[in-house]
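The lines below spell out each chain.
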Amino acid sequence: MKKIVFLMLLSIFLFSQSALAHHAWVEKEAEGYIIAWGHPPKKGAYDPANVQDIKAFGLKGEEVVFKRIDEKERVSLSSNASISMISLSLKGSYLVTTPDGKKRLTKQEALKAGLQVSDSFYSAQTAKSLFAYSPAASKPVGMKIEIIPLKNPFILKQNEALPIRVLFDGKPIEGASIQIGDHKDVGKTDKNGEYSVQMMGKGMQVVLAQHKVSTKDSPDADYISYMTALTFEMK
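Residue positions are counted from 1 within each chain, in the order its sequence is given. Local features in this predicted model are restricted to residues whose pLDDT is 70 or higher, and side-chain atom pairs enter the listing and the counts only when it is 80 or higher, whereas totals over whole chains, interfaces and linings include all residues. No hydrogens and no water enter the side-chain calculation; it runs on all heavy atoms of the structure.

1. Quick notes on the overall build of the protein chain
Going by this rule: Starting at the N terminus, helices and strands are each numbered in turn, a helix being any DSSP run of H or I of at least four residues and a strand any DSSP run of E of at least two. For the radius of gyration, the atom set is restricted to C-alpha positions; the globular benchmark scales as 2.2 Å times the number of residues to the power 0.38. Only protein chains enter the accessibility calculation, which uses a 1.4 Å probe; a residue is then buried when its area is under 20% of its type maximum, exposed when over 50%, and partly exposed in between. Whether two residues touch is decided by their heavy atoms; if any such pair falls within 4.5 Å, the residues are in contact. Only the protein chains shown count as cover for residues, and the accessible areas themselves come from Shrake-Rupley with a 1.4 Å probe.
Scanning the protein chain from terminus to terminus reveals two helices and 17 strands. For 235 residues, the compact-globule estimate of 2.2 N^0.38 gives 18 Å, and the C-alpha radius of gyration of the protein chain, at 19 Å, lies within 12% of that figure. When its C-alpha atoms are laid out on the principal axes, the protein chain stretches across 60 × 40 × 35 Å. The buried share of the protein chain, reckoned over its 235 residues, is 45%. Counting contacts in the protein chain only where the partners sit at least 6 residues apart, residues at least 24 apart contribute 56% of the total. When the accessible surface of the protein chain is split by element, carbon and sulfur atoms take 53% of a total near 12700 Å².

2. Thoughts on the pairing of strand β1 (residues 23-29)
This is how the line gets drawn: Here, a strand pair is defined by DSSP locating no fewer than two bridges between the strands.
In the sheet, β1 pairs with strand β2 (residues 32-39) via seven bridges, with the strands oriented antiparallel. Counted as the bridge partner of Lys28 is Tyr33 from β2. In textbook terms, the turn of a hairpin is the stretch between consecutive antiparallel strands, and for β1 and β2 this stretch comprises two residues.

3. Quick look at the pattern of salt bridges
For the record, the criterion: Here a salt bridge means any side-chain nitrogen of Lys or Arg lying within 4 Å of a carboxyl oxygen belonging to Asp or Glu.
Within the structure shown, the criterion is met by nine salt bridges. A salt bridge links Asp70 to Arg68; its shortest N-O distance comes to 2.6 Å. A relative accessible area of 31% means that Arg68 is categorised as partly exposed. Because the salt bridges share partners, they merge into one network encompassing Glu29, Glu71 and Arg74.

4. Details of the environment of Gln52
Following the sequence through the fold, Gln52 ends up in strand β4 (residues 51-58). For Gln52, a relative accessible area of 31% puts it in the partly exposed group. Placed 37 residues apart in sequence, Gln52 and Ser89 show a C-alpha to C-alpha distance of 5.1 Å. Among residues more than four places away in sequence, those in contact with Gln52 are Leu88, Ser89, Leu90 and Lys91.

5. Here's the deal with the pairing of strand β14 (residues 184-188)
Examined bridge by bridge, strand β13 (residues 177-180) and β14 share four bridges and lie antiparallel to one another. Within the sheet, the bridge partner assigned to Ser177 lies in β14 and is Lys188. From the end of β13 to the start of β14, which pair antiparallel, there are three residues, and Gly181 there has a positive phi angle of about 50°.

6. As for the nonpolar core
Put simply, the rule reads: Nonpolar cores were defined as sets of buried Ala, Val, Leu, Ile, Met, Phe, Trp, Tyr and Cys residues, with membership established by side-chain atoms within 4.5 Å.
Core analysis: the largest hydrophobic core is formed by 28 residues, its most contacted members being Ile164, Val166, Met199 and Val207. Those elements that provide at least two residues to this core are β9 (119-130), β10 (145-149), β11 (161-168), β13, β16 (203-214) and β17 (223-234). In terms of residues, this core owes the most to one element, β17, which gives five residues. Setting aside chain neighbours within four positions, we find Val166 in contact with Ile145, Glu146, Ile147, Lys171, Pro172, Ile173, Ala176, Ile178, Thr189, Gly193 and Ala209. Tyr33, Val64, Val206 and Ala229 belong to the second largest nonpolar core, which has 20 residues in total.

Remember that the coordinates give geometry; whether it matters functionally is a separate question.
What follows is the structure, encoded as structure tokens:
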């Protein structure tokens, strides 16, 4: 019996880690850009309809025109302009944690189905990917939650810290959880919404921020999980 309980708990833990590790980011390719979803560098398939509110910015920080191409299991972008940053939001979804792992159901739907629910939430995500530094990087783009780098990340030295500010509804948020790289927890933002993130050497840098908001009166979820990603490449 103890062995069965242990295996069930282990299953929940591993599934939770896997689910939380997935987020969106943008990669530059020879013919343009792709919106990726998964656990960098591993990419997974997704419904293109889930990608919303895409914005692209030029080298002077201005919004630029781009072409969106919805492929079978991903979204690609192309533009005649040189792009410094791309931001986007993802369509949210309800999730519940059960002894059999996470399921895309509301709490009410799961309980009606006779499932044992230990956790229920609504997941909402946003993302920014930087390809060059421009004034756009230092300003909010109007997403529900977003990370603002307070220094040009492309001039950082190896293992140097990057100061960031996390905004929620356009205002600095205290206590947002910060993760880097392979979803390593590193700390929480201060009263100014700021945190200094230690970089992880060369290659793709991933900085994540998460803020949870309780939904006491909702029958569908215990809380809303807002997560945002900031990615860029260090050479």
